[in-house]
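Survey of secondary and tertiary structure
Listed here are the chains, written in short residue letters.
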Amino acid sequence: MGLLKHGFVTWLLGTLFLSTLLICKADVHYYEFFVQEANLTKLCNTTSQLVVNGSYPGPEIRVRRGDTVFVNVHNQGDYGFTIHWHGVKQPKNPWSDGPEYVTQCPIEPGTNFTYEVILSDEIGTLWWHAHSDWTRGTVHGAFVILPAENETYPFSTPDADQTIMLETWFNRDFKDIYDEYLSTGLAPGLRPNAYAINGHLGDTYGCPTDAIFRMQVEYQKTYLLRIINAAMNEEKFFAIANHRLTVVAQDASYVQKFTSDYIMISPGQTMDVLVHANQNKGQYYMATRPFSDSAGPSPDNITTGIFQYTNSDGGLNASLIPLPARGDSGAALGFINRIRNTNVRQNPPMKVPKKIHRRVYIAVATNNLPCDNCTTGLRAAASMNNVSFDFPRIDILQAYYNRSINGVFTTDFPLEPLVYYNFTGDLSNGVLNGNTSRATKAVVLNYGEAVEIVLQATELGAGGSHPIHLHGFSFYKVGTGSGNFNNVTDPRLYNLVDPPLINTLHVPARGWAALRFFAKNPGVWFMHCHFERHSSMGMDTVFIVKNGKTAKTSILPPPASGMPRCPGA
């Protein structure tokens, strides 16, 4: 009887949730993105960077849940690129998902392409960014999804909201970093020059002309911070001096509220955080620094902004900013493990897969591969199950959909590591590098299958954590742990009651993390490490979800206006 009652409640919540979305009026929005080179001055140095509509970060998209957004992207720059709508599931519409050579070819200079961004149940904060050759370093912006009309927040409505983008800065064109990697084979982007908050470097780098981001607040008002980690290769701690942060959402899904002195956020992730301006009037530092548990950590720079009360006098409050140390894994994991799903009507009903049809166990690693064209004779590489992803010159979606294009990809991505070893042990001798090769391999899933993916970190190369992002889905993080995954004992400890619903997963160093989802979004969907260095080195794969039996469960046709032309076609 208890199970029957629980099933009825789940059905009722799902019906009410879907009915709410259908009743609420969905709007259509249109944006124009003009992408061109602009001179940006940071660290007393001027560089030419690709930006959108002349700004860094780029323009914010602000819509409501369930809306549709058309974005016409004009390439007025010098090289091709694509745009990805990070965390938007794009139901049945992989044509507008954006990863270069996976679902489309680049928008070439002098051309334009219109994306159709279809929202479904996402709520809160997401973001958009370029998905080509490191250009996302300056081509990115916030994607804010407000509650639908007549829909409320599951907490008291904040007085205002503010986007906080955490970024990485190099004193050079971001694409040059990738091009240098292709020519030398050396791992790209190991030493950024600085970090930024909303494009501002703050007051810690010694250049008198660098601006500091200021957020104006009024005493006793509550603000919703929309925090986005847009950094290239750095997980981030973030805090505001003397102010506690209440986490209410992650990756466009509400979570059980909890309060912390700081947050830890991985590249690609978003968090909605409430902060109450209840301290003595004045100016307080907000600050960010990297978290790293790798043998090759990012520079330990602290970047500052100012949380400034209106009509406050005096200088900055000298209170200590509660940022954990760069290598404080306990602080990072302690924060992450507090995040739980919440059973509120504004969230989609929790449907955690229990009976699994397809299991995939993926060991992620960094490697070295032979390279005849590289100056060192070797290329720094990265892999999933010993496959270092090789981007084709005709996109995989086109080849899959048309069926007449052969030789672009194969469907034999290994569902488990090719070699089992002590993944989290001492692998400094690198003897396993010889098992890795470059290829374009995909996993094919049947529509509706319940899927479990376990991602295993290894100590090959520099080791460390990995933020893994899956396009086309929000998934449940059902488990995580240290050491090598045990498929008998570890699933017994899974959280199948209130696992967070996310799109980017922190896989801990010397550990593993497990996710589950139902494969109910037909299309070609990219999965990759959101450290740009690792993704460009090959830590990627593709999941192809086959059509269901009806038009409603099948991929939409490509846009009538056509897709960007492929150089390999």
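This section reports on the structure supplied with the text. From a predicted model like this one, the values you see are computed outputs, not experimental measurements. One numbering rule holds for all chains: residues counted from 1, following each sequence as written. Where local features are concerned, this predicted model is filtered to residues with pLDDT of at least 70; where side-chain atom pairs are given and counted, the filter is 80 or more; whole-chain, interface and lining totals use all residues. Only hydrogens and water are set aside; all other atoms, that is, all heavy atoms of the structure, feed into the side-chain values.

**Concerning the sheet that holds strand β19 (residues 303-309)**
Overall, mixed pairing links the five strands, which are arranged β11-β19-β18-β13-β16 in an open sheet. Strands at the two margins of the open sheet, each flanked by one partner only, are β11 (213-217) and β16 (263-265). Strand-to-strand twist across the sheet, computed as the mean angle between neighbouring axes with direction ignored, equals 25 degrees. The strands that helix α3 (residues 329-336) touches are β13 (235-240), β16 and β18 (283-291); relative to β16, the one it contacts most, it runs at about 90 degrees. By definition, two strands form a pair when at least two bridges between them are found by DSSP. Put simply, DSSP H or I for four residues or longer makes a helix, DSSP E for two residues or longer makes a strand, and each gets a number counted from the N terminus. Fitted lines through C-alpha atoms give the axes, limited to the stretch in contact for helices. The angle between two N-to-C directions lies from 0 to 180 degrees. By definition in these notes, contact holds between two residues if any of their heavy atoms fall within 4.5 Å.

**Observations concerning the nonpolar core**
In this structure, Ile362, Ile453, Leu455, Phe517 and Met527 are the most contacted members of the largest nonpolar core, which totals 41 residues. Residues in contact with Ile453, not counting those within four places in the same chain, are Val360, Ile362, Ala513, Ala514, Leu515, Phe517, Met527 and Phe543. One finds Tyr262, Val273, Tyr309 and Phe335 within the second-largest nonpolar core, a separate group that totals 40 residues. As used here, the term nonpolar core means buried Ala, Val, Leu, Ile, Met, Phe, Trp, Tyr and Cys residues forming a set that is joined through side-chain atoms within 4.5 Å. Each residue gets one of three labels from its accessible area relative to the maximum for its type: buried under 20%, exposed over 50%, partly exposed in between, using a 1.4 Å probe on protein chains only.

**Focus on the state of the cysteines**
Any two cysteine sulfur atoms lying within 2.5 Å of each other are counted as a disulfide. Applying the stated criterion to the full structure yields three disulfides. A disulfide bridge connects Cys44 with Cys207, and the sulfur atoms are separated by 2.0 Å. The chirality of the disulfide connecting Cys44 with Cys207 is right-handed, given an S-S dihedral of about 100 degrees. Of this pair, Cys44 sits in the loop between β1 (28-42) and β2 (45-52) while Cys207 sits in the loop between β10 (194-197) and β11, and the two are 163 residues apart along the sequence. Covalent S-S linkage joins Cys105 and Cys566, the inter-sulfur distance amounting to 2.0 Å. With the S-S bond torsion at 95 degrees, the cross-link from Cys105 to Cys566 turns out right-handed. One end of the pair, Cys105, is in the loop between β5 (83-86) and β6 (112-118); the other, Cys566, is in the segment after β32 (540-545), and 461 residues separate them in sequence. Take Cys105 and Cys566: they sit in the same class, and that class is buried. Regarding the disulfides, the protein chain carries the connectivity 1-3, 2-6, 4-5 under sequence-order numbering of its bonded cysteines.

**Some thoughts on the sheet that holds strand β4 (residues 68-75)**
Judged by pairing direction, the sheet is mixed, and its four strands sit side by side in the order β2-β1-β4-β6 without closing on themselves. Since the sheet does not close on itself, it has two edges, and those belong to β2 and β6, each with one partner. Across the sheet, the axes of successive neighbouring strands diverge by a mean angle of 25 degrees, strand direction being ignored. One ladder, built from seven bridges, connects β4 with β6; its direction is antiparallel. Of the residues in β6, the one forming a bridge with Val73 is Phe113.

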